[in-house]
Amino acid sequence: MSVTVCAVATPMAVGGISVVRISGEQALEIAGKVFVPVGKSVAEMNGYTAAYGKIFDGEERLDDGVLLVFRAPHSYTGEDVCEISCHGGIYVTQRVLGACIKAGAKPAAAGEFTKRALLNGKLSLTQAEAVADMISAQGAQSLNCSNLMLEGGLYRKAERISEKLMEVSAQISAWIDYPDDDTPAVTAEWLTEKLTDINADFSALLDSYDTGRMIREGISCAIVGKPNVGKSTLMNLLSGEERSIVSSVEGTTRDVVEESVNIGGAVLRLSDCAGIRETDDEVEKIGVGIMLKRLKNADVVLAVFDGSRELSEEDERLFSLIADKTVIPVVNKSDLEQKLDIDELEKRLGKCVVMSAKNSESAELLGKEITERLDLKRFDAGAGFIANERQRACVMRAKAAAENALSAVMAGITPDAVGVELEQALDAVFELSGKRASEEVIAQVFERFCVGK
């Protein structure tokens, strides 16, 4: 933290401008060696001010640009920060970065600016993770969730749970250490009530994981059905391009074609799977095998049926494969004479989306049905939710310890043993928020970051 670092904070590509960020105790001094403002010197500039000037590498003038100054502690990292904006050519950007390094700055590691913000108390660990999620957001819903996480929803929830844990732990300690004082007795009834409430909080957090993951990473969506029902046409409709080969020949799709699309603010990770049928073709058999794996891991299944044909044995096989999945039945080819019994289909799979994959308006209709079926619009991201596997693992450890504590109470074990389990639960919650996170955990979080953020 005593070293001043620098990095290019914009993509290393040709553009209008590039930004080189400097952060640390010597940020103003180093910027003053590289940037000569018009008017007052860099050292005289106030925080949250900008100046136009010339950029130098020693005696060589590199470019004209703009310098932004943020003085500690009122900056992103909590340190003195200077940002030099130059023209967005790759060569000139590299020269400006090199000039900062020659002037005394060290190259920043991936995510180092955000890591410094964490270590300087500007962000919690869960907020730092939200920064990475915001950068990788591909849709309106994931961006909104990242913003709400950045506002500290999960951190505040973790704080409330830790306060409950500390209340019980402190009461146990006081009762054990000062039995002769007027400390209220720690009864089994009181412990049961408190621990049941805490376990309910952990359960609610764990229940938020699947929905939060789908919003952040995209909804895994398998398009399945018997051959020639229009799966590939539907894939092309949703992706907006010819991603899958469309043919009247059964078995044309032998592998899984994948594409990510944004529909109604939600990101769908589509998989156009091989048709479900018995076949002697070895290549097609492999495709069917891959399809079954995609089907198993899908968040939602688009089960496609041909409205111009009655249900067949292959459709019956599909019913058995998707029995335990979230399914949206799609009756395709509505532009043809209808022979499929939709009432029967809805009895088995729920509300159908009747459409023609040749109609461009069908994409929005289907996207709306997916978000409604998964209840994404009613998801309260502001209340705090688990956003990744690290956070989930922390909550699972904390819940396991809290459950052990409750089991100990119900088994009549002494309160001091209950207190040991509560300490383990508290450690896991503090690791979740970052209060007691190890260097290894922090390093793992920042592996996701790019250099410059």
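Going by the structure above, here's the rest.
Before going into details, it helps to say that this report is about the structure given with it. (Residues numbered from 1 in each chain as written. Predicted model: local features only at pLDDT ≥ 70, side-chain atom pairs only at ≥ 80, totals over all residues. Heavy atoms only, no water.)

1. Observations concerning the overall build of the protein chain
Line of reasoning, step 1. The number of helices and strands found in the protein chain is 16 helices and 13 strands.
Line of reasoning, step 2. Long-range contacts, defined here as pairs at least 24 residues apart, represent 67% of the contacts in the protein chain between residues at least 6 apart.
Line of reasoning, step 3. Of the roughly 21,500 Å² of accessible surface on the protein chain, 51% is carried by carbon and sulfur atoms. (Helix = DSSP H or I, 4+ residues; strand = E, 2+ residues; numbered from the N terminus. Contact = heavy atoms within 4.5 Å. Areas by Shrake-Rupley, 256 points an atom, 1.4 Å probe, with all protein chains shown as cover.)

2. Side note on helix 16 (residues 439-446)
In an α-helix, one full turn covers 3.6 residues, which means residues spaced three or four apart are oriented alike.
Line of reasoning, step 1. Buried residues of helix 16: Val441, Ile442, Val445 and Phe446, and no others. Burial along helix 16 is one-sided: seen end-on, the buried residues are contained in an arc of 130°. Helix 16 presents Glu439 and Glu440 as exposed residues on the side facing more than 90 degrees away from its buried surface.
Line of reasoning, step 2. Where helix 16 is buried, its residues meet helix 3 (112-119), helix 4 (125-136), helix 14 (389-410) and helix 15 (415-433). (Buried < 20%, exposed > 50% of the residue type's maximum accessible area, 1.4 Å probe, protein only. Arc of directions from axis to C-beta.)

3. Description of the nonpolar core
Here is a general trend for soluble globular proteins: nonpolar side chains tend to be buried in one another's company.
Line of reasoning, step 1. Leu165, Leu195, Ile198, Phe202, Val418 and Leu422 are the most contacted members of the largest nonpolar core, which has 37 residues in total.
Line of reasoning, step 2. If you list the elements that add at least two residues to this core, you get helix 5 (140-150), helix 6 (153-177), helix 7 (188-207), helix 8 (209-217), helix 14 and helix 15.
Line of reasoning, step 3. Top element by residues in this core is helix 14. It accounts for nine residues. (Core = buried A, V, L, I, M, F, W, Y, C linked by side-chain atoms within 4.5 Å.)

4. What about the packing of aromatic side chains?
Line of reasoning, step 1. Overall, the coordinates contain three aromatic pairs when judged by the stated rule.
Line of reasoning, step 2. Measuring from ring centre to ring centre gives 5.6 Å for Tyr48 and Phe70, while their planes differ by 85°; the resulting arrangement is edge-to-face. Here Tyr48 is found in the loop between strand 3 (35-37) and strand 4 (49-57), whereas its partner Phe70 is found in strand 5 (residues 60-70), with 22 residues between them in sequence.
Line of reasoning, step 3. Exposure remark for Tyr48: the relative accessible area of 60% places this residue in the exposed category. (Phe/Tyr/Trp six-rings, centres within 6.5 Å; stacked < 30°, edge-to-face > 60°.)

5. Some points on the packing of helix 14 against helix 15
Line of reasoning, step 1. Where helix 14 contacts helix 15, the two axes come as close as 8 Å, and the packing angle between them is 165°. Relative to helix 15, the element helix 14 is oriented roughly antiparallel. As helix 14 runs across helix 15, the sense of the crossing is left-handed. In this structure, helix 14 contributes Arg390, Gln391, Cys394, Val395, Arg397, Ala398, Ala401, Ala402, Asn404, Ala405, Ala408 and Val409 to the contact, and helix 15 contributes Val418, Glu421, Leu422, Gln424, Ala425, Ala428, Val429, Glu431 and Leu432.
Line of reasoning, step 2. Of the residues assigned to the contact of helix 14 with helix 15, the class counts are 14 nonpolar, three polar and four charged. (Axes fitted to C-alpha atoms, helices over the stretch in contact; angles between N-to-C directions. Parallel < 35°, antiparallel > 145°, perpendicular 65-115°, else oblique. Left-handed = near helix turned anticlockwise from the far one by under 90°. Nonpolar A, V, L, I, M, F, W, Y, C, P; charged D, E, K, R; others polar.)

6. Some points on the sheet that holds strand 7 (residues 106-107)
Line of reasoning, step 1. The seven strands are arranged 3-4-5-6-2-1-7 in an open sheet whose pairing can be described as mixed. If you trace the sheet from one side to the other, it starts and ends with strand 3 and strand 7, each paired once.
Line of reasoning, step 2. The pairing of strand 1 (residues 5-8) with strand 7 spans two bridges and is parallel. When the bridges of strand 7 are listed, Cys6 appears paired with Pro107.
Line of reasoning, step 3. Across the sheet, helix 3 touches strand 1 and strand 2 (15-23), and the angle it forms with strand 1 is around 135°. (Pairing = 2+ DSSP bridges.)

7. Considering empty space enclosed by the protein
Line of reasoning, step 1. If you walk through the whole model with that rule in mind, you get one cavity of 30 Å³ or more.
Line of reasoning, step 2. By volume, the largest cavity is sized at about 30 Å³.
Line of reasoning, step 3. Taken together, Gln138, Ser142, Ile215, Arg216, Glu217, Gly218 and Val267 make up the full set of residues lining the largest cavity.
Line of reasoning, step 4. Looking at the lining of the largest cavity element by element, the count peaks at three residues for helix 8.
Line of reasoning, step 5. Looking at the lining of the largest cavity residue by residue, the classes come out as two nonpolar, three polar and two charged. (1 Å grid on protein atoms, 1.4 Å probe; cavity = no way out; pocket = protein on both sides within 12 Å on 5 of 7 lines; lining within 4 Å. Points joined across faces, edges and corners; volume = space filled by probe spheres on them.)

8. A few points about a negative patch on the surface
Line of reasoning, step 1. Together, Glu310, Asp341, Asp343, Glu344 and Glu346 give the surface a local cluster of negative charge.
Line of reasoning, step 2. When you line up the elements, Glu344 lands in helix 12 (residues 342-349). (Patch = residues over 30% accessible without salt bridge, like charges linked within 9 Å, V, L, I, M, F, W, Y side chains within 5 Å. Salt bridge = Lys/Arg side-chain N within 4 Å of Asp/Glu carboxyl O. Lys, Arg positive; Asp, Glu negative; His and termini not counted. Charge placed at Lys NZ, Arg CZ, Asp CG, Glu CD.)

9. Concerning the sheet that holds strand 11 (residues 300-306)
Line of reasoning, step 1. Read across the sheet, six strands follow the order 9-10-8-11-12-13 without closing on themselves; strand pairing throughout is mixed. Sheet topology places strand 9 (257-263) and strand 13 (353-354) at the edges, where each strand pairs with a single neighbour.
Line of reasoning, step 2. The pairing of strand 8 (residues 219-224) with strand 11 spans four bridges and is classified as parallel. In the strand pairing of strand 11, Ile223 is matched with Leu302.
Line of reasoning, step 3. Sheet strands touched by helix 12: strand 11, strand 12 (327-332) and strand 13. Its angle to strand 12, the strand with the most contacts, is close to 165°.

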